[in-house]
There are 2 protein chains.
Amino acid sequence: MIKVILIDDHPIVMEGLKNLLATREELTVAGCFSNGAAGLEAIQTLQPDVVLLDINLPDINGIDLCKQVRKNDKDVRIIALSVHNERPVIKNILNSGANGYVLKNSVGEEIIMAINSALKGDTYLCNAAREILSQIQEGELTDIPKITRREKEIMGLVSKGLTTAQIAEQLFISTHTVESHRKNLIEKFDVTTMTAVIKLATQYGLL
Amino acid sequence: MIKVILIDDHPIVMEGLKNLLATREELTVAGCFSNGAAGLEAIQTLQPDVVLLDINLPDINGIDLCKQVRKNDKDVRIIALSVHNERPVIKNILNSGANGYVLKNSVGEEIIMAINSALKGDTYLCNAAREILSQIQEGELTDIPKITRREKEIMGLVSKGLTTAQIAEQLFISTHTVESHRKNLIEKFDVTTMTAVIKLATQYGLL
DNA sequence: GGCGATATCCCTGAAATCAGCCATTTTTAA
DNA sequence: TTAAAAATGGCTGATTTCAGGGATATCGCC
């Protein structure tokens, strides 16, 4: 019997997943959790074989959750469920310890296949995700850049329309420092304006 | 017997919804559609009493779809399902002809209640949505501003990091015209920079 | 056919951003 | 504990955006 736990904050989706897994005799749902904190704890206590993890949770970012899990547990198989069809997001999640990536608009069978692949030690991608990763989009990021705490803070304030001077004042730092962060962000995202940075960060769910 | 049709591009969600509605004898699912075009057609041909409509569809924007439906059909009850918890988005959908708004993280019962309310002629909001609409956030938009085609185009190019001059060149118009559009956008969104415009537009799913 | 919305174009000056460099201190993690 | 990463601060000059005014043309819908 393969122990699966579900982490998703949408009751309707949870219902659909439970239904789907119920069609498979070899799978048993050991627990359902609607937020990251509860899910993280459950992974440690319940020791499931597989986790179906919604990437967009209310409390914790899915990518960070994957990393958290992987710190202690190298064995549990994580299947990421997400609506994000952007390559950098997909790659980032896979690099964070997930053993599979299934877009939410996939059919149920893809989830079953992802579970089976993961248990065999393979990484499963749903058709659409595989397609996205295969096509080389020029001028697009390969990965989500690593953003520091301060940089994220700066992004947030810039996105609200604050100027460099206003941000410096609010954070009690020099305008030069703020400019330095801006420049690093522009470089990390490989664009030429902060506007483009904010667009990508918002799209990727970093803000 | 109340005829319901479902429009959602996530098979798992569809499954959960079907399950939910099956628990109610007075409700019958007359059809399931995974995109806006098919759904729109079905509303005209099947003449359902209620439509459960996912706002984020691959082909058509949910708001536009509501408006489309309302052009011909004043009677059908539309329950909008969405992950958007931003007030302007919620208000906009309600103003576009929806008879109810249920966030995707709501429990199933809220959908049932939404259907019942809508059939009685009331507009139902899930608890979370009601909460969001009630709290007056200062400095936040009340509604999503009306954006013209050209303005949307400008937003797209600005968000990619193009300068006014580059945009003007690409669209074969004067830089003055581009600046004019920028200014109008900044005013419409009630902010001071295009960066803030792009943040909101991305967040609201306008790009 | 006409009205309203949309798109177009123009000017000036102040303010802000970006590109190009660099250097030091403080955290954080191995 | 020590090396790497992050945060801090600095300068100059060119480029770009923003705020404040306008005006005219064109498109779509009733």
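Analysis parameters
Residues numbered from 1 in each chain as written. Chains lettered and ligands numbered in written order. Predicted model: local features only at pLDDT ≥ 70, side-chain atom pairs only at ≥ 80, totals over all residues. Heavy atoms only, no water. Domains from an automatic or database assignment. Axes fitted to C-alpha atoms, helices over the stretch in contact; angles between N-to-C directions. Helix = DSSP H or I, 4+ residues; strand = E, 2+ residues; numbered from the N terminus. Parallel < 35°, antiparallel > 145°, perpendicular 65-115°, else oblique. Left-handed = near helix turned anticlockwise from the far one by under 90°. Contact = heavy atoms within 4.5 Å. Nonpolar A, V, L, I, M, F, W, Y, C, P; charged D, E, K, R; others polar. Near = heavy atom within 4 Å. Polar contact = N/O pair within 3.5 Å; in protein donor to acceptor, adjacent residues only side chain to side chain. Pairing = 2+ DSSP bridges. Buried area = accessible area lost by both parts, 1.4 Å probe. Salt bridge = Lys/Arg side-chain N within 4 Å of Asp/Glu carboxyl O.

Novice: Mind showing me how you'd approach the domain arrangement of chain A here?
Specialist: Often, the extent of an interface is quoted as the loss of accessible area upon association of its parts. If you check the domain split of chain A, you get domain 1 (2-134) and domain 2 (149-203). In this structure, domain 1 of chain A and domain 2 of chain A have C-alpha centres spaced 33 Å apart.

Novice: Looking at this structure, I do not really get the packing of helix H8 (residues 164-171) of chain B against helix H9 (residues 175-188) of chain B. What am I missing?
Specialist: Axes are the key here: two packed helices are described by the angle between their axes and the distance separating the axes. Residues and elements named next belong to chain B. It is the contact of H8 with H9, at a shortest axis distance of 8 Å, that shows an interaxial angle of 115°. Judged on the interaxial angle alone, H9 and H8 are roughly perpendicular. The two elements H8 and H9 cross, and the hand of that crossing is right-handed. Together, Thr164, Ala165, Ile167 and Ala168 of H8 and Thr175, Val178, Glu179 and Arg182 of H9 make up the contact between the two elements. The class makeup of the residues in the contact of H8 with H9 is 4 nonpolar, 2 polar and 2 charged.

Novice: It is not clear to me how the protein's contact with DNA strand D should be interpreted in this structure. Could you clarify?
Specialist: Looking at DNA strand D, there are 19 residues lining it, with Thr148, Arg150, Ser174 and Thr177 of chain A together with Lys183 of chain B nearest. Backbone atoms, meaning sugar and phosphate, form 66% of the atoms of DNA strand D found within 4 Å of the protein. At 3.4 Å, a side-chain N or O of serine 180 of chain A approaches a base oxygen of DNA strand D. Looking at the surface near DNA strand D, the elements that each hand over two or more residues are helix H7 (149-159) and helix H9 (175-188) of chain A together with H9 of chain B. By residue number, the principal contributor to the surface near DNA strand D is H9 of chain A, which donates 5 residues. Classifying every residue of the surface near DNA strand D gives 3 nonpolar, 10 polar and 6 charged.

Novice: What should I look at first to understand the sheet that holds strand S4 (residues 77-82) of chain A in this one?
Specialist: Adjacent strands of a sheet form backbone hydrogen bonds with each other and so pair up, either parallel or antiparallel. Residues and elements named next belong to chain A. Across the sheet, 6 strands lie side by side as S2-S1-S3-S4-S5-S6; this open sheet has parallel pairing. Either end of the sheet is taken by a strand with one partner, and the two such strands are strand S2 (27-33) and strand S6 (124-125). Note that strand S3 (residues 50-54) and S4 share 5 bridges and pair parallel. Across the sheet, the residue bridging to leucine 53 is alanine 80, located in S4. Of the strands in this sheet, strand S1 (2-7), S2, S3, S4, strand S5 (100-103) and S6 touch helix H5 (residues 108-120), which is tilted by about 155° from S4.

Novice: Sorry if this is basic, but what is going on with the interface of chain B and chain A here?
Specialist: Between chain B and chain A, the contact holds 31 residues from the first and 31 residues from the second. Across the chain B/chain A interface, buried area totals approximately 2200 Å², and carbon plus sulfur atoms make up 69% of it. Together, Ile12, Thr195 and Lys199 of chain B form the three largest contributors to the area buried by chain B at its contact with chain A, with a combined 27%. Counting the contacts that link chain B with chain A gives 0 salt bridges. Linking chain B with chain A are 4 residue pairs in polar contact (both at pLDDT 80 or more), by the criterion used here. Where the side of chain B that touches chain A is concerned, the elements lending two or more residues are helix H1 (11-22), helix H5 (108-119), helix H7 (149-159) and helix H10 (194-203) of chain B. Of the residues forming the side of chain B that touches chain A, the biggest block, 8 residues, is contributed by H1 of chain B.

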